[in-house]
Amino acid sequence: MDEDGPVWKKTFRCREEDESSDFINGKNFAPEGKTSQCSVYHRLGVSHHGNDGNREGVYKLGSCILTRSEPSPWWRLDFNAPRTVGAVVIVNRQDCCWQRLIGAEVRVGDSPDNNNPVCGIVTEAEAGLVTTFCCDGMVGRYVSVVIPGREDILNLCEVEVYPEGKIKHCA
């Protein structure tokens, strides 16, 4: 970290079709985690839709999470034991409201209150955008997505977590 804040090593933005070959040698272990989120806006937006293995970006098709509007909304994976994280991938919603994800932080650590080190920050968003955050071996029981410091709705359509050393872009 420098005096202006964290220094991000690598963040990549891709369209989903560009992303398909990036993780051939690594297994997405996000489905192994138990999910939770600060609130649920509607029954279609429950937490387990965020790691269901489905990158579908249309909310009404039932594979996205959606919280109520509240201060610092969050979504979290709990692996019940520390895991080494090489990269986290976030798939944004494509049917509307995708700009809400700007400013969201990907955090990895052992604190259940999401007060964990930041792997990366969403600085750009567009409909259906797939963003990869290189976490370079951060270790933690929890992986979370948090919009800190503002009241908003958090919505996203998939979070994938990959082990260290298995991501082409992060090598």
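Parameters at a glance
Residues numbered from 1 in each chain as written. Predicted model: local features only at pLDDT ≥ 70, side-chain atom pairs only at ≥ 80, totals over all residues. Heavy atoms only, no water. Helix = DSSP H or I, 4+ residues; strand = E, 2+ residues; numbered from the N terminus. Contact = heavy atoms within 4.5 Å. Buried < 20%, exposed > 50% of the residue type's maximum accessible area, 1.4 Å probe, protein only. Disulfide = S-S within 2.5 Å. Phe/Tyr/Trp six-rings, centres within 6.5 Å; stacked < 30°, edge-to-face > 60°. Lys NZ or Arg CZ within 6 Å of the ring centre and 35° of its normal. Core = buried A, V, L, I, M, F, W, Y, C linked by side-chain atoms within 4.5 Å. Salt bridge = Lys/Arg side-chain N within 4 Å of Asp/Glu carboxyl O. pLDDT = per-residue confidence, 0-100.

Tallying secondary structure elements over the protein chain gives one helix and 11 strands in all. In the protein chain, the order of α-helices and β-strands from amino to carboxyl end is β-α-β-β-β-β-β-β-β-β-β-β. Of the contacts formed within the protein chain by residues at least 6 apart in sequence, a portion of 79% connects residues at least 24 apart.

Our focus in this paragraph is unusual backbone geometry. Not every positive phi belongs to a glycine, and N80 is a case in point at roughly 65°. Here N80 shows up in strand β5 (residues 74-91). N80 gets classed as exposed once you look at its relative accessible area, which sits at 57%. Its identity as a non-glycine residue notwithstanding, C97 has a phi of 60°, on the positive side. Along the chain, the position of C97 falls in the loop between β5 and β6 (105-109).

One pass over the full model with this rule turns up three disulfides. Shown here is the disulfide that connects C64 with C157, its sulfur atoms set 2.0 Å apart. Its S-S torsion of approximately 90° makes the covalent link between C64 and C157 right-handed. Taken together, the positions of C64 in the loop between β2 (34-37) and β3 (65-66) and C157 in the loop between β10 (155-156) and β11 (158-162) put the pair 93 residues apart, joining distant regions of the chain.

Attention now moves to the packing of aromatic side chains. Summed over all chains, the structure comprises one aromatic pair. Of note, R83 hangs over the ring of F29, and the distance from its end group to the ring centre comes to 4.0 Å.

Counting 25 residues, the largest nonpolar core has V85, V88, I90, V143, V145, L154 and V161 as its most contacted members. Of all the secondary structure elements, the ones that give two or more residues to this core are β5, β6, β8 (130-146) and β11. With residues near it in sequence (within four places) discarded, V85 still touches F29, V108, C135, D136, G137, M138, V143, V161, Y162 and E164. Of all hydrophobic cores here, the second largest spans five residues; its members include C64, L66, I153 and C157.

Another aspect to go through is the pattern of salt bridges. Counted by the stated rule, this structure contains seven salt bridges. With a closest N to O distance of 2.8 Å, E32 and K27 form a salt bridge. In this structure, the salt-bridge partner of R93 is D95, at a minimum N-O distance of 2.6 Å. Among the residues examined, D95 registers a relative accessible area of 36% and is labelled partly exposed. Taken together, the shared-partner salt bridges in this structure form one network comprising K27, E32 and R83.

It is worth spelling out the environment of P73 at this point. Within the fold, P73 resides in the loop between β4 (70-71) and β5. Given a relative accessible area of 0%, P73 falls into the buried group. Sequence separation between P73 and N155 is 82 residues, and the spatial gap between their C-alpha atoms is 9.5 Å. Setting aside chain neighbours within four positions, we find P73 in contact with C38, T67, V145, V146, I147, R150, D152, I153 and L154.

This part covers the confidence of the model for the protein chain. Counting all residues, the mean pLDDT for the protein chain is 86, and 82% of those residues have values of 70 or more. Ranking the elements of the protein chain by mean pLDDT puts helix α1 (residues 16-19) last with 44 and β6 first with 98. Note on residues 1-21: pLDDT is under 50 here. Beyond four places in sequence and across chains, it has 40 contacts.

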